[in-house]
Amino acid sequence: RCSYLGTAFKWGMALYVGDYVILLDIWLKITEAICFVFSKVLDSCYVLIVFIQIGEYIMIRRRRLRATENLRALVRETSVSVSDLIYPLFVIEGNDIKNPIDSMPGIYQYSLDRIDEELDRIREAGVKGVLLFGIPAHKDECGTEAYNEHGIIQEAIRYIKKVFPELVVIADICLCEYTSHGHCGLIKDGIILNDETLPLLAKTAVTCAQAGADMVAPSNMMDGHIAAIREALDEAGCKMTPIMAYSAKMASGYYGPFRDAAHSAPGFGDRKTYQMDYHNPREAMRDIQDDIDEGADIIIIKPALAFLDILKTASWETDMPLCAYNVSGEYSMVKAAAANGWIDEKKIVMENMIGMKRAGAQMIITYHALDVAKWLREE
Ligand code: PBG
Ligand code: ZN
């Protein structure tokens, strides 16, 4: 049990740790005696005694490397770039629709015939990936439109891949936007069924992959959904379609604005029987490991900002690509405060982005993507 104390104190230093005294230089006998007395008096395990020879102390000046913008840039440890960003997109069935989402300023639902305008903005921003959510005209108990080959999300994928082939199109795989009850799975007697829902999710993933989706992102939190989707994709010949799994997805109040945007609020109850309890960071690691074992290619942590601990632990414990989902509520809070002039939107958003990167995210799904891209370009 030995500690290195650095060169800052030239001599006359002693560290008393438990039963040991580590001494530097000539103060050996004196400090040993002092430590001995201290340990008797305080009866503590750790007593640190430091003698500083006045005048020999070297001032640590961290500010040297903070002096100019270029110096700061040189020693910067993390960064965010436009290629890290994934932009969520809401596509609604119908014609000539561009609906603003009241709780998410700047975000709209687009019908396919109006989506070019948004695709142009994405192209111009240089954002390389979108996460697609479909909002069907008709919902039913079984979420039929989710796995209709010609459903809104499948058609949106076809259209976007046709006009913007290099854009990475990721399809969110869930039933809640398509079910009349707004839950992410089938329902019987008020219970959200697990195993019975899996084939429908698998079919949704396959129809999206066949429509040309570059990735599927199952967000439904049914047990075994990653394995079920992997198997179905492989069987359908979509062996190369990666799965971006929402592995640690919490039952969270932060999804409120999204449910306005996607018309997907649960008609009764909540999602706590399938989404994770946010009190449990260790359970989150188990969920992540399960998804890795089932064949996930990328792991999503969601929400992001209140869950950076989970992201950080995941970055230590796995070597999978990690994605932070900077969710709707996180976006709305920033937008609301900025609209009131209470915060500087750009500063806050960039700080949030770096927070997620620092915690270990390689990529970030964020409604701020186009703004961040613009700010990065301006730098
Ligand atoms: C669908 C889904 C949700 C989000 C992404 N996919 C909502 C939910 O689980 O209720 C939330 C995204 C956001 O809040 O931005 N299951
Ligand atoms: Zn859902």
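Going by the structure above, here's the rest.
These notes cover the structure that comes with them. (Residues numbered from 1 in each chain as written. Chains lettered and ligands numbered in written order. Predicted model: local features only at pLDDT ≥ 70, side-chain atom pairs only at ≥ 80, totals over all residues. Heavy atoms only, no water.)

Assignment of secondary structure puts I288 in helix α8 (residues 281-294). For I288, a relative accessible area of 0% translates into the label buried. In this structure, the C-alpha to C-alpha distance between I288 and T318, residues 30 residues apart in sequence, is 8.8 Å. I288 has contacts with S247, A248, I299, I301, A314 and T318, leaving out every residue within four places of it along the chain. (Helix = DSSP H or I, 4+ residues; strand = E, 2+ residues; numbered from the N terminus. Buried < 20%, exposed > 50% of the residue type's maximum accessible area, 1.4 Å probe, protein only. Contact = heavy atoms within 4.5 Å.)

Attention now moves to the pairing of strand β12 (residues 244-249). Consecutive residues of a regular strand have side chains that alternate between opposite faces of the sheet. β12 sits mainly inside the fold: 6 of its 6 residues count as buried. With 5 bridges joining them, β12 and strand β13 (residues 298-302) adopt parallel strand pairing. Across the sheet, A248 pairs through a bridge with I301, a residue of β13. (Pairing = 2+ DSSP bridges.)

Moving on, we come to the packing of helix α9 (residues 308-317) against helix α11 (residues 345-359). Interhelical geometry of α9 versus α11 gives an angle of 35 degrees and a closest axis separation of 8 Å. Where α9 approaches α11, its residues L308, L311, K312 and S315 are matched on the opposing element by G355, M356, R358 and A359. Grouping the amino acids of the contact of α9 with α11 by side-chain chemistry returns 4 nonpolar, 2 polar and 2 charged. (Axes fitted to C-alpha atoms, helices over the stretch in contact; angles between N-to-C directions. Nonpolar A, V, L, I, M, F, W, Y, C, P; charged D, E, K, R; others polar.)

Of all 8 residues making up strand β4 (residues 85-92), 8 are buried, and the element is well covered by its neighbours. Examined bridge by bridge, β4 and strand β15 (residues 363-366) share 2 bridges and lie parallel to one another. Across the sheet, L85 pairs through a bridge with I364, a residue of β15. Sheet topology note: the β4/strand β7 (residues 129-135) ladder contains 7 bridges and is parallel. The residue bridging V91 from the neighbouring strand is G134, located in β7. Where β4 lies against strand β6 (residues 108-110), 2 bridges are found, and the strand directions are parallel. Opposite V91, over in β6, you have Y110 as the bridge partner.

Moving on, we get to the environment of A213. Note on placement: A213 falls in the loop between α5 (198-211) and β11 (215-218). A213 sits in the buried class, given a relative accessible area of 7%. Between the C-alpha atom of A213 and that of A156, which follows or precedes it by 57 residues, the distance is 9.7 Å. Leaving out residues up to four positions away in the same chain, A213 has contacts with I157, V169, A171, C208 and T241.

The next subject is the site of ligand 1. Ligand 1 sits among 20 residues. The nearest are K249, R259, K302, S328 and Y367. In this structure, S219 approaches ligand 1 through a side-chain N or O atom, which is 3.4 Å from a nitrogen atom. At a separation of 2.7 Å, an oxygen atom of ligand 1 approaches a polar side-chain atom of S328. Protein coverage of the free-state accessible area of ligand 1, which is 400 Å², stands at 100%. The pocket occupied by ligand 1, as judged from atoms lying within 2 Å of grid points, is the largest cavity. Among the elements of the structure, β12 and α7 (256-262) are those that each provide at least two residues to the shell around ligand 1. (Near = heavy atom within 4 Å. Polar contact = N/O pair within 3.5 Å; in protein donor to acceptor, adjacent residues only side chain to side chain. Areas by Shrake-Rupley, 256 points an atom, 1.4 Å probe, with all protein chains shown as cover. 1 Å grid on protein atoms, 1.4 Å probe; cavity = no way out; pocket = protein on both sides within 12 Å on 5 of 7 lines; lining within 4 Å. Sits in = over half its atoms within 2 Å of the grid points.)

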